[in-house]
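# Commentary on secondary and tertiary structure
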Amino acid sequence: MSRTLMDADILKSISLHETQKLADAVACIEASGGQIALVVDERFRLVGTITDGDIRRAILRGATLESTAGEVMHRQPRSVPRGTPLAEIAAILKREMIFQMPVVDEEGVVVGLRLADELELPDPTEHRVVIMAGGLGTRLRPITETVPKPMIEVGGRPILERILERFREQGFRRISLCVNHLAEIIENHFGTGEAFDVEIDYVRETKRMGTAGALSLLDDRPEKPLIVMNGDILTSVNFAQMLAFHYDNAALATMGLNRYQYQVPYGVVEVKNHHITGFSEKPVFDFFVNAGIYVISPEVLDIIPPDRFFDMPSLFDQVHPDRRIAFPLHEYWLDVGKPDDLTRARDEFNENGTAEAH
């Protein structure tokens, strides 16, 4: 089965010009249900398309949300003429493993967008979520001497409660919480998860196991890729899109990345031997850092050694380079690991859990 978006206002909401910013393309993709942004000219003729995956791959190449849509779009977009039989469109979508097909008239003007229901984002109810909630939170002492870090309140509610709410809103239901430090506080608050409309089970660590090592304690082997996330992260990422990215790239392990920029507060002098070769005035260094969100396929769990500390970077090191994939985030993300981060989180979040600043 498939469906078509034909309403002119809807088509306009998912379309933009190539001179517009990549941030506008993100808004168009969200308006289309996480599917696609259509790039059109002044006559609304199709000149390109942009998907969520296109944006994330562009970010890995150095693009930012300030880049233009024209820098990222496919300039020879796939489309079908108006009147193409539905069976033919469905066959194309299935054969080419794509999620959507623009429909154009004889002049190339966009008149519709066909979406393949059978190729939509993975079903969240079929994927398990594992949240690491057992850390000591040493950098946030003395708060964490009596309150586990994931239970620290931001905007009047525990961080972990906000994380669970985000997963529930996106359709995920089965949640495993890996607990250790002050575990009883977490277990007493969340229980079975019934009050939060999710199903919660607990992985109890008796010693530090690391983000990957804790996965060796799961009570059963998942049949499908699972999402693993640190319990001190606030983010608006679309986890279903991350799963789709994992599947689309035939990955075994996918790591969420966040862009981090650091500006040296001094003029940097370049030296070779004892000669000055150049100057850089307060240069800015641009990095991708581990965002603490992962998608792990079941077969990767066999790599994890039992009953010992094993962190996630070590696990990724064991996966073939062709099968470990980077998923750059362009959404809100904040690791609440230090006092300054906690202050920022409390400044940015309101009582409804919405980030008010980026």
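The paragraphs below set out a description of the structure included in this document.

What counts, and where the lines are drawn
Residues numbered from 1 in each chain as written. Predicted model: local features only at pLDDT ≥ 70, side-chain atom pairs only at ≥ 80, totals over all residues. Heavy atoms only, no water. Buried < 20%, exposed > 50% of the residue type's maximum accessible area, 1.4 Å probe, protein only. Helix = DSSP H or I, 4+ residues; strand = E, 2+ residues; numbered from the N terminus. Polar contact = N/O pair within 3.5 Å; in protein donor to acceptor, adjacent residues only side chain to side chain. Pairing = 2+ DSSP bridges. Axes fitted to C-alpha atoms, helices over the stretch in contact; angles between N-to-C directions. Contact = heavy atoms within 4.5 Å. Salt bridge = Lys/Arg side-chain N within 4 Å of Asp/Glu carboxyl O. Core = buried A, V, L, I, M, F, W, Y, C linked by side-chain atoms within 4.5 Å. Phe/Tyr/Trp six-rings, centres within 6.5 Å; stacked < 30°, edge-to-face > 60°.

Once that is clear, we can look at helix α9 (residues 239-248). Three- or four-residue spacings in an α-helix give side chains the same orientation, since the helix completes a turn every 3.6 residues. Where burial is concerned, most of α9 is hidden: eight out of the 10 residues are buried. Residues of α9 that are buried: Phe-239, Ala-240, Gln-241, Met-242, Leu-243, Ala-244, Phe-245 and His-246. Its side-chain oxygen 3.1 Å from the backbone nitrogen of Ala-240, Asn-238 forms the N-cap of α9. The positive-phi residue at the C-terminal boundary of α9 is Ala-250, with phi of around 50°.

Here we take up the sheet that holds strand β8 (residues 129-132). The strands making up a sheet associate through backbone hydrogen bonding, with each pair oriented either parallel or antiparallel. Taken in spatial order, the seven strands of this open sheet run β12-β11-β8-β13-β18-β15-β19, and their pairing is mixed. At either margin of the open sheet sits one strand with a lone partner, and together these are β12 (199-204) and β19 (324-328). Here the average twist between neighbouring strands, direction ignored, is 30°. Here five bridges tie strand β15 (residues 253-263) to β19, and the two strands are oriented parallel to one another. Along β19, the bridge assignment pairs Ala-253 with Arg-324. Here helix α6 (residues 159-169) sits on the sheet and contacts β8, β11 (174-179), β12 and β13 (226-230); the angle it forms with β8, its principal contact strand, is near 165°. The strands touched by α9 within the sheet are β13, β15, β18 (284-296) and β19, with β18 carrying the most contacts at an inclination of about 90°.

Side-chain pairing between opposite charges can occur once the charged atoms of the two side chains come close. In the structure shown here, the tally under the stated rule is 26 salt bridges. Between Arg-57 and Asp-54 there is a salt bridge, with its nearest N and O atoms 3.4 Å apart. Of the two residues, Arg-57 and Asp-54 both sit in helix α3 (residues 52-60), three residues apart, roughly one turn of that helix. Asp-54 sits in the buried class, given a relative accessible area of 8%. Note that Glu-331 is salt-bridged to Arg-56, the shortest N-O span being 2.4 Å. Within this pair, whereas Glu-331 is found in the loop between β19 and β20 (333-335), its partner Arg-56 is found in helix α3, the two being separated by 275 residues in sequence. Residues Glu-331 and Arg-56 agree in their burial class; the two are buried. In this structure, a network of salt bridges that share partners links the residues Arg-128, Arg-174, Asp-201, Asp-219 and Asp-220.

Because side chains alternate across β8, one face comprises the buried residues Val-129 and Ile-131, and the other comprises Val-130 and Met-132, equally buried. When β8 meets β13, the two strands line up parallel, connected through four bridges. Across the sheet, residue Met-132 finds its bridge partner in β13, namely Asn-230. With four bridges joining them, β8 and β11 adopt parallel strand pairing. In the sheet register, Ile-131 faces β11, and the bridge partner there is Leu-177.

Right, let's talk about unusual backbone geometry for a bit. A positive phi angle, near 55°, is found at Leu-182, a position not held by glycine. By the secondary structure assignment, Leu-182 is in the loop between β11 and α7 (183-190).

As for its position among the elements, Ala-31 is in helix α2 (residues 22-31). For Ala-31, a relative accessible area of 42% puts it in the partly exposed group. When the C-alpha atoms of Ala-31 and Glu-165 are compared, they prove to be 22 Å apart, with 134 residues separating the residues in sequence. In this structure Ala-31 touches Ser-13 and Ile-14, once residues within four positions along its chain are discounted.

Right, let's get into the sheet that holds strand β3 (residues 37-40). Reading across the sheet, the three strands line up as β2-β3-β4 and stay open at both edges, with mixed pairing between neighbours. Only two strands of the sheet have a single partner each, and these edge strands are β2 (15-16) and β4 (46-50). By the bridge criterion, four bridges tie β3 to β4 in an arrangement that is antiparallel. For Val-39, the partnering residue across the bridge sits in β4 and is Gly-48.

Another point: the nonpolar core. Residues Ile-131, Phe-167, Ile-175, Leu-177, Ile-186, Phe-190 and Ile-293 are the most contacted members of the largest nonpolar core, which totals 46 residues. Setting aside chain neighbours within four positions, we find Ile-186 in contact with Ala-133, Pro-148, Met-151, Leu-160, Leu-177, Val-179, Gly-191 and Tyr-202. Within the second largest apolar cluster, 25 residues are counted, among which are Ala-214, Leu-215, Leu-257 and Ile-304.

Before going further, it helps to spend a moment on the packing of aromatic side chains. Within this structure, the stated rule accounts for seven aromatic pairs. With 6.4 Å between their ring centres and 85° between their planes, Phe-172 and Phe-239 make a pair best called edge-to-face. Placement of the pair is Phe-172 in the loop between α6 and β11 and Phe-239 in helix α9, with a sequence separation of 67 residues. Overall, Phe-172 belongs to the buried group, its relative accessible area being 0%. These aromatic residues form a ring-pair network of at least three members: Phe-167, Phe-172 and Phe-239.

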